[in-house]
Amino acid sequence: MTKRIKGSCTTILVGKKASIDGSTMIARNEDGAGPLNPQKFVVVNPEDQPTHYQVVLSPVEIDLPDNPLRYTATPDATSGHGIWAGAGINSANVAMTATETITSNSRILGVDPLVANGIGEEDITTITLPYIHSAREGVKRLGALLEKYGTYEMNAMAFSDQDEVWYFESIGGHHWAAIRIPDDAYVIAPNRFNIDHYDFDSEDTLFAADLPDLIETYHLNPDRDQVNLRHIFGSATIKDTRYNNPRAWYSQKYFNPEFKTVPIDQDLPFICRTDKKISVEDMKFVLSSHYQNTPYDPYGTGTEDEKKQFRPIGINRNQELHILQIRPDVPAEIAGIHWLAFGPNTFNAVVPFYANVTDTPAAYKQTTGDCDPTTMYWLTNVLALLGDHNFGLYEDQENLFEENTVAACRNLQIEADQAYKHEADVQAYLEKINAQMAEVAMKAANKLLGQMLALGEPQMKLQFTLND
């Protein structure tokens, strides 16, 4: 069996009344177990979707339904560990991000052990997203798959459509619980079990049918007066105080500076609300953040111990960042936007690719395992390595690169939103616009690389003049 690899991501969910334009948005950093896990951006057309699915990391085989939907995906660019499709938007304008590795505890794992020969992160998008027509339907399909095949790891997933956002967490080997995120709320979910207060009688919750009885039968609830799934099925470890909680703390403080919390809090809220309407730019900042303006910033002025105290969100193990946006005020054929960036997020920019296409731009599709700076994945990693050496020297140029890239792509999008209706072949037109956006992003990234070289080379140690 191929060795299993675990990543560690950060998820943001935004309800339609919490966003700046009424969109639903689900987003995640896909963080690898180590740096350099090449990613690509593709469209899986119905004829390319398997009808019989063989899991790579376990012996499971699954016969998939007929008539799959088309969907965008961000799979691994190298083979051997499975597909790892990551996230995407299907042709019914349903979005899915999978998966966020989460924590557990020995009580639930004793009751419902993980299944060595089950399904896992490598499979979940591929066997779920092409067969669902709503976010709620996605929850139900994934729950049925987990109950039937079991899983060898604890993971969290999210689904969205034009109206609803759902968050789903697996529990032990065969159980699960999901909750609809209120329309006026947002969620920050690091690598721990995140759902807290839970109402089994609510229309906004879905779960394995025997979950309430499981909790009662095996005395799993440590609280006397509430049902808090994080307390029941999750963790509150020292690792959480260094690895998970600080990421939620910093993100929540960005949206709600009035919160009286500290980085190591074990009971940071799950469902949050803010007076500020949340934009794509807000989500990108948070998913790129590294504790700016705190002593914990690795690029900041804190002590060496403080800089290494907490795990940041923006990190060298970021492989891709997606923000899946389903817009409410445009026709269905242009509603789905797969915002995408590759590589470490402190040094990249998100691009708003239309999801209603049959192909993707070459610079985002043709990633291989070999370094090739003509593709965005590898170019971003070159920028990140150079920028990490002296972040303060390059910070202004990086910020301008990101602002200008997103602004130029937004301008293209505004024009395309109006012009597409005059096109006979809408998908071909949107593919052309996506290619233009990719070209904008590649040119801007290469311009930034040139600026960084100009600033950095005079500071090289390998220099000599007669005045030395």
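Residues numbered from 1 in each chain as written. Predicted model: local features only at pLDDT ≥ 70, side-chain atom pairs only at ≥ 80, totals over all residues. Heavy atoms only, no water.

Enquirer: Hey, could you run me through a negative patch on the surface in this one?
Expert: On the surface, Glu 147, Asp 210, Asp 213 and Glu 216 cluster together into a patch of negative charge. On the secondary structure map, Glu 216 appears in helix 4 (residues 211-217). (Patch = residues over 30% accessible without salt bridge, like charges linked within 9 Å, V, L, I, M, F, W, Y side chains within 5 Å. Areas by Shrake-Rupley, 256 points an atom, 1.4 Å probe, with all protein chains shown as cover. Salt bridge = Lys/Arg side-chain N within 4 Å of Asp/Glu carboxyl O. Lys, Arg positive; Asp, Glu negative; His and termini not counted. Charge placed at Lys NZ, Arg CZ, Asp CG, Glu CD. Helix = DSSP H or I, 4+ residues; strand = E, 2+ residues; numbered from the N terminus.)

Enquirer: What is the right way to read the environment of Leu 324 from this model?
Expert: By the secondary structure assignment, Leu 324 is in strand 15 (residues 318-326). A residue is classified by how much of its surface remains accessible, and Leu 324, at 0% relative accessible area, is buried. On a C-alpha basis, the gap between Leu 324 and Ser 19 in space is 13 Å, while along the polypeptide they are 305 residues apart. Filtering out sequence-adjacent residues up to four positions away, Leu 324 remains in contact with Thr 24, Met 25, Ile 26, Ala 87, Gly 88, Ile 89, Ala 95, Met 96, Ile 337 and His 338. (Buried < 20%, exposed > 50% of the residue type's maximum accessible area, 1.4 Å probe, protein only. Contact = heavy atoms within 4.5 Å.)

Enquirer: What am I meant to see in the sheet that holds strand 13 (residues 205-207) here?
Expert: In a beta sheet, neighbouring strands are held together by backbone hydrogen bonds and run either parallel or antiparallel to one another. As summarised here, the arrangement of the six strands in space is 7-8-9-10-11-13, forming an open sheet in which the pairing is antiparallel. Each end of this open sheet is capped by a strand with a single partner; those strands are strand 7 (87-89) and strand 13. When strand polarity is set aside, the average angle formed by the axes of neighbouring strands in this sheet is 15°. Direction of pairing for strand 11 (residues 175-180) relative to strand 13: antiparallel, over a ladder of three bridges. In the sheet register, Ile 179 faces strand 13, and the bridge partner there is Thr 205. Relative to strand 10 (residues 165-171), helix 3 (residues 135-149) is tilted by about 10°, and along the sheet it contacts strand 9 (155-160), strand 10, strand 11 and strand 13. (Pairing = 2+ DSSP bridges. Axes fitted to C-alpha atoms, helices over the stretch in contact; angles between N-to-C directions.)

Enquirer: Looking at this structure, how should I read the pairing of strand 8 (residues 95-101)?
Expert: Remember that side chains alternate between the two faces of the sheet whenever the strand is regular. Burial runs high along strand 8: seven of the seven residues are buried. The sheet contact formed by strand 7 and strand 8 spans three bridges and is antiparallel. Bridge pairing in strand 8 links Ala 87 to Thr 97. With antiparallel pairing between neighbouring strands as the criterion, strand 7 and strand 8 make up a hairpin whose turn holds five residues, including Asn 93 at a positive phi of roughly 60°.

Enquirer: Which parts of the structure should I look at to understand the pattern of salt bridges?
Expert: Two side chains with opposite charge may pair up if their charged atoms get near one another. Per the counting criterion, the structure on display carries 14 salt bridges. A salt bridge links Asp 31 to Arg 311, with the shortest nitrogen-to-oxygen separation between them at 2.9 Å. Of this pair, Asp 31 sits in strand 2 (residues 24-31) while Arg 311 sits in the loop between helix 8 (304-307) and strand 15, and the two are 280 residues apart along the sequence. With relative accessibility at 2%, the residue Asp 31 sits in the buried group. A salt bridge links Arg 180 to Asp 183; the nearest nitrogen and oxygen atoms lie 2.8 Å apart. Across this residue pair, the class does not change: Arg 180 and Asp 183 are buried.

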